[in-house]
Amino acid sequence: MKQVLVRIVIALAGVLPMVATASVAIGDYQTPTFNVAQGKPFLIPITVDKAGTVSVAIFSPDGDEVRVLPPQQTSKGETLNFSWDGKDAEGKTVPNEAWLPKVTLKTQGGKSVFDPSRNSGGEVIDAIVPDFGRRGDLSFTLDAPSRLLVRAGLKSGPLMQTMVNWAPRAAGKNRVAWNGFDHDNQVKLLDDSRLGVLVTGYRLPDHTIITEGSDDNY
């Protein structure tokens, strides 16, 4: 039986098309966020190990394709810089959000796709303890780009203020502006010994592009 299976595998290997082995990847960004109001493009470095045509598509958090950047030809081992101006396919500036690039390399032997959302992101973050500034500002450090929920209230009591409502945040040092009061700006929670602050969320895929400075909203 084993000999029969081996013969079938060998026979299929001669019939099925070869799977492309070329690899393509996204490099490190120069900056963790993209301020679209500054008028400067965001550079996406792409490395490949075979010659071919490289294209980069930008996707929304919901998985919708919002823009396909002009393709570029590349040689083996070359690094390309793709430039995104922060606009969608209709020329409208995207809102402040988290955007994910997906890269496709087409070669004579087939194509290779690098999609960070397939093998990164989704891990729950629930152990962040923020530092308080004098005026109530919160500061903390993130190991990776994440989507956060930040709330304040009274321990064993109600939640009374939401400072960050499931918004994307870049990796590294983060600061959340807060005056220390509740939602109605009537009760100064910062002076209450029962103050409790919740910082939770989940990790976004690697190579997420977080835009800021936009006045537009879909």
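Residues numbered from 1 in each chain as written. Predicted model: local features only at pLDDT ≥ 70, side-chain atom pairs only at ≥ 80, totals over all residues. Heavy atoms only, no water.

(A) Seen up close, the confidence of the model for the protein. Of all residues in the protein, 89% attain a pLDDT of 70 or more, and the chain-wide mean is 88. Of all helices and strands in the protein, the one with the weakest mean pLDDT is helix α1 (residues 2-15) (39), whereas strand β4 (residues 52-59) scores best (97). Across residues 1-21, where pLDDT falls below 50, the model places six contacts with residues more than four positions away in sequence or in other chains. (pLDDT = per-residue confidence, 0-100. Helix = DSSP H or I, 4+ residues; strand = E, 2+ residues; numbered from the N terminus. Contact = heavy atoms within 4.5 Å.)

(B) Main features of the sheet that holds strand β9 (residues 124-125). With respect to topology, four strands assemble into an open sheet ordered β9-β15-β12-β13, the strand pairing being antiparallel. Edge positions in the sheet fall to β9 and β13 (159-169), since each of these pairs with one other strand and no more. (Pairing = 2+ DSSP bridges.)

(C) Quick peek at the packing of aromatic side chains. One pass over the structure, following the stated rule, counts four aromatic pairs. Their ring planes at 40 degrees and their centres at 5.4 Å tell us that F34 and F42 sit as a pair that is tilted. Each residue in the set Y29, F34, F42 and W84 is aromatic and connected to the rest through ring pairs, giving one cluster. (Phe/Tyr/Trp six-rings, centres within 6.5 Å; stacked < 30°, edge-to-face > 60°.)

(D) Representation of the pattern of salt bridges within the structure. One pass over the structure, following the stated rule, counts seven salt bridges. The shortest N-O distance in the salt bridge between R175 and D137 comes to 2.6 Å. Taken as a pair, R175 in strand β14 (residues 172-176) and D137 in the loop between β10 (131-132) and β11 (138-142) lie far apart in primary sequence, 38 residues in all. You can call R175 exposed: its relative accessible area is 52%. D206 is paired through a salt bridge with R203; the nearest N and O atoms lie 3.0 Å apart. Relative accessible area serves as the criterion here: at 31%, R203 is assigned to the partly exposed category. (Salt bridge = Lys/Arg side-chain N within 4 Å of Asp/Glu carboxyl O. Buried < 20%, exposed > 50% of the residue type's maximum accessible area, 1.4 Å probe, protein only.)

(E) Focus on the sheet that holds strand β6 (residues 79-84). Strand order in this open sheet of three strands is β1-β3-β6, and the pairing throughout is antiparallel. Both edges of this open sheet fall to β1 (24-26) and β6, since each of them pairs with a single strand only. Strand after strand, the sheet turns through a mean of 30 degrees between neighbouring axes, direction not considered. As judged from the three bridges shared by β1 and strand β3 (residues 42-48), these two strands associate in the antiparallel manner. Considered in β3, the bridge of A25 is made with T47. (Axes fitted to C-alpha atoms, helices over the stretch in contact; angles between N-to-C directions.)

(F) Quick peek at unusual backbone geometry. Phi angles above zero are rare outside glycine, and S156 is one such case at about 60 degrees. Tracing the chain through its elements places S156 in the loop between β12 (146-154) and β13. One non-glycine residue, H207, lies in the positive phi region at around 70 degrees. Tracing the backbone shows H207 in the loop between β15 (195-203) and β16 (209-212).

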